[in-house]
Amino acid sequence: MASSMRVRALLKGDVTAITAIVSHPMETGMRKDGGKVIPAHFIQVLTVDVDGKRVVTSHLNTAVSSNPVFNFKVKGAKVGDKAVVSWVDNLGEKGSGEAVVAAG
Amino acid sequence: MNVMRRSVLRSMGAGSALAAMLVTGLIRPIQAFAADWSKAAFEAKTVPDGMKAIGASGAAESKDVVITAPAIAENGAVVPISVVSNIPNTNSISIFVDKNPMPLAGSFEFANGALPDVAVRLKFSDTSVVRAVVMAGGKAYTSHKEVKVTAGGCGG
């Protein structure tokens, strides 16, 4: 299943704010559809790399909202650095998105 | 390492034994936890079990763990939560929603200049305490806040 995501990276002062919005159902596995349980389908790992270095590793559970939004902050990034956000879910589906750090 | 750790945790009763093993470096939960998605931590049904699984049993209450959350959330499916740690050498922030069927909602590890500052949107099954646990310099710190939910986030 294709999933789209948006990444934004804005540098203000010496702190870069990174926002990632992922299109994902984040199904808990506890909801029912006509008596049938909808299987769990949720992002388990989401990582952020800036300029090729891992800055954040997130491990997530079903309690993260559907179409989740994440905000992180990183010191030391420069305008023009590449910020890459990647995820993998419990069914092995993967996605990633990137943004170039811009002056905020 | 992970498999061994889990069997060690299972076979262990007393929290003091766990603390002793942490001190002696017999088990290193932070590193083990970083390696992959921890089923033991995320599928834990209670906060104490989840805290134990991430190596944060007996976390000290701290005002330097700052949670921003609405006092009242109209929609339990999308509750904005942010956590900032002002504790030096913070390695990770974990967020628990006490009343959820699986309280541990997420765990975030920081490196290479990332600030211990994270904002996410979480589902709340009901009015609940939201709890942040910070691991810093091998120690655990925590704070909590209540969010009143007028419509749960786990229904149909």
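Look a little higher up for the structure.
Residues numbered from 1 in each chain as written. Chains lettered and ligands numbered in written order. Predicted model: local features only at pLDDT ≥ 70, side-chain atom pairs only at ≥ 80, totals over all residues. Heavy atoms only, no water.

Caption draft 1: View of the sheet that holds strand β10 (residues 102-103) of chain A. Read from one edge of the open sheet, seven strands run β10(A)-β1(A)-β2(A)-β7(A)-β7(B)-β4(B)-β2(B), paired in mixed fashion. The open sheet has two edge strands with one neighbour each: β10 of chain A together with β2 (65-68) of chain B. Pairing of strand β7 (residues 69-75) of chain A with strand β7 (residues 114-122) of chain B, which is carried by three bridges, proceeds in the antiparallel orientation. Each bridged residue has a counterpart across the sheet, and for V74 of chain A the counterpart in β7 of chain B is A114 of chain B. (Pairing = 2+ DSSP bridges. Helix = DSSP H or I, 4+ residues; strand = E, 2+ residues; numbered from the N terminus.)

Caption draft 2: How the structure looks around the packing of aromatic side chains. Within this structure, the stated rule accounts for four aromatic pairs over all chains. Between F42 of chain A and W37 of chain B, the ring centres sit 5.8 Å apart and the planes meet at 55°, which makes this aromatic pair tilted. With F42 of chain A in the loop between β4 (36-37) and β5 (43-50) and W37 of chain B in the loop between α3 (29-35) and α4 (39-42), the pair connects residues from two separate chains. Here F42 of chain A and W37 of chain B have matching classes, each one buried. (Phe/Tyr/Trp six-rings, centres within 6.5 Å; stacked < 30°, edge-to-face > 60°. Buried < 20%, exposed > 50% of the residue type's maximum accessible area, 1.4 Å probe, protein only.)

Caption draft 3: The pairing of strand β9 (residues 94-100) of chain A, seen in detail. Residues and elements named next belong to chain A. The side-chain alternation of β9 yields one buried face, formed by G95, G97 and A99, and one unburied face, formed by K94, S96, E98 and V100. The pairing of strand β8 (residues 82-89) with β9 spans seven bridges and is antiparallel. Residue pairing in the sheet places S86 in a bridge with S96 of β9. Following β8, the chain reverses through four residues before pairing antiparallel with β9; G92 in that reversal takes a positive phi of roughly 85°.

Caption draft 4: Representation of the pairing of β8 of chain A in the model. The pairing of β5 of chain A with β8 of chain A spans seven bridges and is classified as antiparallel. Counterpart to I43 of chain A in the pairing with β8 of chain A is D89 of chain A.

Caption draft 5: Main features of the interface of chain A and chain B. Counting residues at the interface gives 28 residues for chain A, matched by 32 residues for chain B. A combined buried area of about 2,500 Å² lies between chain A and chain B, and 56% of that area is made up of carbon and sulfur atoms. On the chain A side of the contact with chain B, H59, N61 and A63 of chain A bury the most area, a combined 26% of that side's loss. The interface formed by chain A and chain B includes one salt bridge. For the salt bridge of D117 of chain B with K73 of chain A, the shortest nitrogen-to-oxygen distance reads 3.3 Å. At the junction of chain A and chain B, the tally comes to 17 residue pairs in polar contact (both at pLDDT 80 or more). (Contact = heavy atoms within 4.5 Å. Buried area = accessible area lost by both parts, 1.4 Å probe. Salt bridge = Lys/Arg side-chain N within 4 Å of Asp/Glu carboxyl O. Polar contact = N/O pair within 3.5 Å; in protein donor to acceptor, adjacent residues only side chain to side chain.)

Caption draft 6: Spotlight on the side chain of T90 of chain B. Residue and element names in this part refer to chain B. With respect to the helices, strands and loops of the structure, T90 is situated in strand β5 (residues 90-97). Given the relative accessible area of 12%, T90 is considered buried. Polar contacts involving the side chain of T90 include one to the main-chain carbonyl oxygen of I87, which spans 2.6 Å.

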